[in-house]
Amino acid sequence: MAKFFDSISRVLPGNPLAGKEEAIARLDPNKIYVENVRRLLGVSAWMAQKICETAVRQGLFRRYIEVSCPDGSIAATAETESELPEMVQCWAQRDGEFEEAQIPTILLRKTTFYRIA
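Below or above, wherever it landed, is the structure these notes cover. All values reported here derive from a predicted model rather than from experimental measurement. (Residues numbered from 1 in each chain as written. Predicted model: local features only at pLDDT ≥ 70, side-chain atom pairs only at ≥ 80, totals over all residues. Heavy atoms only, no water.)

So, the environment of Glu35
What counts is decided by this rule: Think of it this way: any DSSP run of H or I at least four residues long counts as a helix, any run of E at least two long counts as a strand, and we number them from the N terminus.
Relative to the assigned elements, Glu35 resides in helix α3 (residues 34-41). A C-alpha to C-alpha distance of 8.6 Å links Glu35 and Gln49, two positions 14 residues apart in sequence.

Next up, the structure:
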């Protein structure tokens with residue numbers, strides 16, 4: 001993680017991480033979202049995405065994609081979208097009861113996240 005933040009300090013002007021030690025410590029190194037980087041550095045979503053993708057190219061991050069069930073729970077995670085299963089199990093509420101349902105992955109929300117390599 002230190003290598004990543006050293007890289008950021010070289011790219012962005014000033015010291016964008018000064019005084020943000022507590023926020024950095026709260027980051028989960030296994031699930032870093034673009035929004036986390038955007039908020040932490042005070043940059044645009046586009047710039048945060050660019051920073052994360054640069055970290056992937058430098059071997060500091062690994063990119064993953066996750067599929068979320070309608071209730072927000074994570075149904076599957078993979079390194080590429082093509083590695084995701086075609087169907088996932090989610091809990092769905094029907095007639096006031098919860099039951100497991102098989103849902104096509106293509107119908108669900110996908111989110112990219114990063115892990116420290």
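Notes on the state of the cysteines
The test is simple: In this description, a disulfide is simply a cysteine sulfur pair whose atoms lie within 2.5 Å. Residue burial is assigned from relative accessible area. The probe radius is 1.4 Å, only protein chains are included, and a residue is buried under 20% of its type maximum, exposed over 50%, and partly exposed in between.
Scanning the model with the defined rule gives 1 disulfide in all. Between the sulfur of Cys69 and that of Cys90 lies a disulfide, 2.0 Å long from S to S. Looking down the S-S bond of the Cys69 and Cys90 bridge, the torsion is -80°, so its handedness is left-handed. Highlighted residues: Cys69 in the loop between β1 (61-68) and β2 (74-78) and Cys90 in strand β3 (residues 87-94), separated in sequence by 21 residues. Side by side, Cys69 and Cys90 carry an identical accessibility label, which is buried.

What about the pattern of salt bridges?
Note the following rule: Think of a salt bridge as a Lys or Arg side-chain nitrogen and an Asp or Glu carboxyl oxygen that are within 4 Å of each other.
Enumeration over the complete set of coordinates arrives at 5 salt bridges. Residue Lys31 is joined to Glu66 by a salt bridge in which the shortest nitrogen-to-oxygen separation is 2.7 Å. With Lys31 in the loop between α2 (21-26) and α3 and Glu66 in strand β1, this pair connects stretches of sequence that are 35 residues apart. For Lys31, a relative accessible area of 23% translates into the label partly exposed. The partner of Glu35 in a salt bridge is Arg39, and the shortest N-O contact between them spans 3.3 Å. A residue pair is termed a helical-turn pair when its members lie 3 or 4 positions apart in one helix, as Glu35 and Arg39 do in helix α3 at 4 residues. Bridged by salt links that share partners, the residues Glu35, Arg38 and Arg39 form one connected network.

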